[in-house]
Amino acid sequence: MTSIAAPFLILANDEPARVSRFRPREEDRAAIEACQRGEREAFDPLVERYQRDVYRLCYRYVNNHHDASDLAQDVFLKAYRAIGRFRGDSAFSTWLYRIAVNTCLNFRAARKAASEELKDDVADARRRVDDRMEDDELSQQVREAVSRLPEKQRATLILKIYNDLTHEEVAQVLGSTVGTVKANLFHALGNLRKAMADRAPGKRPTPDAKKTGD
Amino acid sequence: MWTHVSDAALMDVLEGAAGDRVRDHVAACERCRTRVEEARTALDWTAQATVPEPVPSYWDVFRRRVARSLVEEPAARSRRPLWVAAAVAGAAMIAVLMVGPTPAPVPPPATAVVPLPAWSALPPADEDSALPILRTVAPTVAAVTPAVECSDVSECVVGLTDEESGALADALRQQLARGRTL
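Rules of the game
- Residues numbered from 1 in each chain as written.
- Chains lettered and ligands numbered in written order.
- Predicted model: local features only at pLDDT ≥ 70, side-chain atom pairs only at ≥ 80, totals over all residues.
- Heavy atoms only, no water.
- Core = buried A, V, L, I, M, F, W, Y, C linked by side-chain atoms within 4.5 Å.
- Buried < 20%, exposed > 50% of the residue type's maximum accessible area, 1.4 Å probe, protein only.
- Helix = DSSP H or I, 4+ residues; strand = E, 2+ residues; numbered from the N terminus.
- Contact = heavy atoms within 4.5 Å.
- Buried area = accessible area lost by both parts, 1.4 Å probe.
- Salt bridge = Lys/Arg side-chain N within 4 Å of Asp/Glu carboxyl O.
- Polar contact = N/O pair within 3.5 Å; in protein donor to acceptor, adjacent residues only side chain to side chain.
- Arc of directions from axis to C-beta.
- Phe/Tyr/Trp six-rings, centres within 6.5 Å; stacked < 30°, edge-to-face > 60°.
- Axes fitted to C-alpha atoms, helices over the stretch in contact; angles between N-to-C directions.
- Parallel < 35°, antiparallel > 145°, perpendicular 65-115°, else oblique.
- Left-handed = near helix turned anticlockwise from the far one by under 90°.

Visitor: What should I look at first to understand the nonpolar core in this one?
Guide: Note on soluble globular proteins: their nonpolar side chains tend to be buried together. Core analysis: the largest hydrophobic core is formed by 81 residues, its most contacted members being Phe43(A) and Ile83(A). If you tally residues by element for this core, the top one is helix H2 (residues 43-62) of chain A, at eleven residues. Residues contacting Ile83(A), with those up to four places away along its chain left out, are Ile32(A), Cys35(A), Gln36(A), Phe43(A), Leu46(A), Phe92(A), Trp95(A) and Ala76(B).

What follows is the structure in structure tokens.
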């Protein structure tokens, strides 16, 4: 089965959290209801409100601007297609992040299937483009280490730390429990620590490096 | 017996949300304390891993790209149009009247119904104006869609893909044609 053609495949096996205390924000609700009435332009404020968060989430999966941009656009397109089925049982952002995580997972699964040669060529080209963007070595090292974490741990860490979701919200997005989210996050941090420690000593970052700007 | 606390509880310690029992254990247990400190170090690193920010004008470009892609999409609706359900129900009723209760064997649809994503939901039953119509024709539609697995026919019909809808329509047409020749 081609993963990219089966969105929401990977996480759909898990039972989602049924009870939510996170309702859509009022400003989201009006836009969502307008979209559900068929007002296409009502989707624009939702894009404007969440585009940065969705883009950053995607970036943390793919580590380059080009793919992150395409994926973020795909996420909003899927959200628009499905918004008729959004009933407000969760925050719109939670729902949107779930679509984003699944889209990213499917993208990675499909890319894994591509030939190594092509993947390397594209990755090299994109890395050159990304190098022109403002960045620093430590940021890149940590991002790469995060992107190599096991899928559940990576998703948990990204949603909790970078998208600032609560444990309950992460559990909703990933169809998991709060206890599992906490355990996955702790494992993710442990693995991240190990991955960074395994790097060449000369390149190993330390928390002090941030303070000195190195 | 000395037992270590769970990883979830250690995460609580890291976030300052642990209870006294867990905190006391970590204070006394070198292994757990080390694990918490290592996780804290990693947490510090994650805070430094910022995503390169595109130029501010990028976001306007991005929104326009999304808006352009939406133009090609059918307008989103909260529920399926009533005429679709009415058309299916009408076709099924005609089939019942013309053919009678014995269903002819029909090849199963080419693809299985994809389960609705976990986050999606149909309109509540008490708000779904199409549901009574679909329930009326449920036995007939169930008879011509043997390969579809769902709890009731309304769910089956709603969950049909375009291909499956086509297959159902073809089956109904065949039934109608047979009825005319009897």
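Visitor: Could you clarify how one ought to interpret the interface of chain A and chain B in this entry?
Guide: Size of an interface: often given as the accessible area lost when the parts come together. Across the boundary between the two partners, chain A contributes 60 residues, which contact 46 residues of chain B. Overall, the association of chain A and chain B removes approximately 5,100 Å² of surface from exposure, summing both partners, and the carbon and sulfur fraction of that is 63%. There are six salt bridges connecting chain A and chain B. Between Asp44(A) and Arg63(B) there is a salt bridge; the shortest N-O distance is 3.2 Å. Here chain A and chain B share 15 residue pairs in polar contact (both at pLDDT 80 or more) between them. Contributions of two or more residues to the side of chain A that touches chain B are made by helix H1 (26-36), H2, helix H3 (65-82), helix H4 (92-113), helix H6 (137-147), helix H7 (151-162), helix H9 (178-197) and helix H10 (207-212) of chain A.

Visitor: Honestly, helix H2 (residues 20-28) of chain B in this entry has me stumped. Any pointers?
Guide: Since there are 3.6 residues in each turn of an α-helix, residues three or four apart along the chain are aligned in direction. All names here are of chain B. Residues of H2 that are buried: Val22, His25 and Val26. Buried residues along H2 cover an arc of 95° about the axis, so they all sit on one side. Along H2, the residues that are exposed and aim more than 90 degrees away from the buried face are Asp20, Asp24, Ala27 and Ala28. Contacts made by the buried residues of H2 are with helix H1 (7-14) and helix H3 (30-48).

Visitor: Can you help me understand helix H8 (residues 167-174) of chain A in this one?
Guide: Residues and elements named next belong to chain A. With seven of its eight residues buried, H8 lies for the most part within the structure. Every buried residue of H8 is listed here: His167, Glu169, Val170, Ala171, Gln172, Val173 and Leu174. For H8, the secondary structure elements touched by its buried residues are H4, H7 and H9. The positive-phi residue at the C-terminal boundary of H8 is Gly175, with phi of around 65°.

Visitor: Whenever I open this one, the pattern of salt bridges confuses me. Can you help?
Guide: Side-chain pairs of opposite charge can arise where the charged atoms are in close proximity. The final tally for this structure, using the stated rule, is 17 salt bridges over all chains. The residue Arg111(A) makes a salt bridge to Asp67(A) at a minimum N-O spacing of 3.5 Å. Taken together, the residues Arg111(A) in helix H4 and Asp67(A) in helix H3 connect sequence positions 44 residues apart. For Asp67(A), a relative accessible area of 4% puts it in the buried group. Residues Arg63(B) and Asp60(B) are paired through a salt bridge, measuring 3.2 Å at the closest nitrogen-oxygen approach.

Visitor: Explanation requested: the packing of aromatic side chains in the structure shown.
Guide: Following the criterion strictly, the structure yields 13 aromatic pairs over all chains and no others. Between the aromatic rings of Tyr55(A) and Tyr58(B), the centroid separation amounts to 5.7 Å while the plane-to-plane angle is 55°, which identifies the pairing as tilted. Separated into two different chains, Tyr55(A) in helix H2 and Tyr58(B) in helix H4 (residues 57-71) make up a pair that spans both. Note on Tyr55(A): relative accessible area 0%, which makes it buried.

Visitor: Can you help me understand the packing of H2(A) against H4(B) in this one?
Guide: Between two packed helices, the angle of one axis relative to the other and the distance separating the axes together describe the packing. Look at H2(A) against H4(B): their axes get within 10 Å of each other, and the N-to-C directions meet at 125°. On the basis of their axis angle, the class for H2(A) and H4(B) is oblique. As for how H2(A) packs across H4(B), the hand of that crossing is right-handed. In this structure, H2(A) contributes Phe43(A), Asp44(A), Val47(A), Glu48(A), Gln51(A), Arg52(A) and Tyr55(A) to the contact, and H4(B) contributes Tyr58(B), Trp59(B), Phe62(B), Arg63(B), Val66(B) and Leu70(B).

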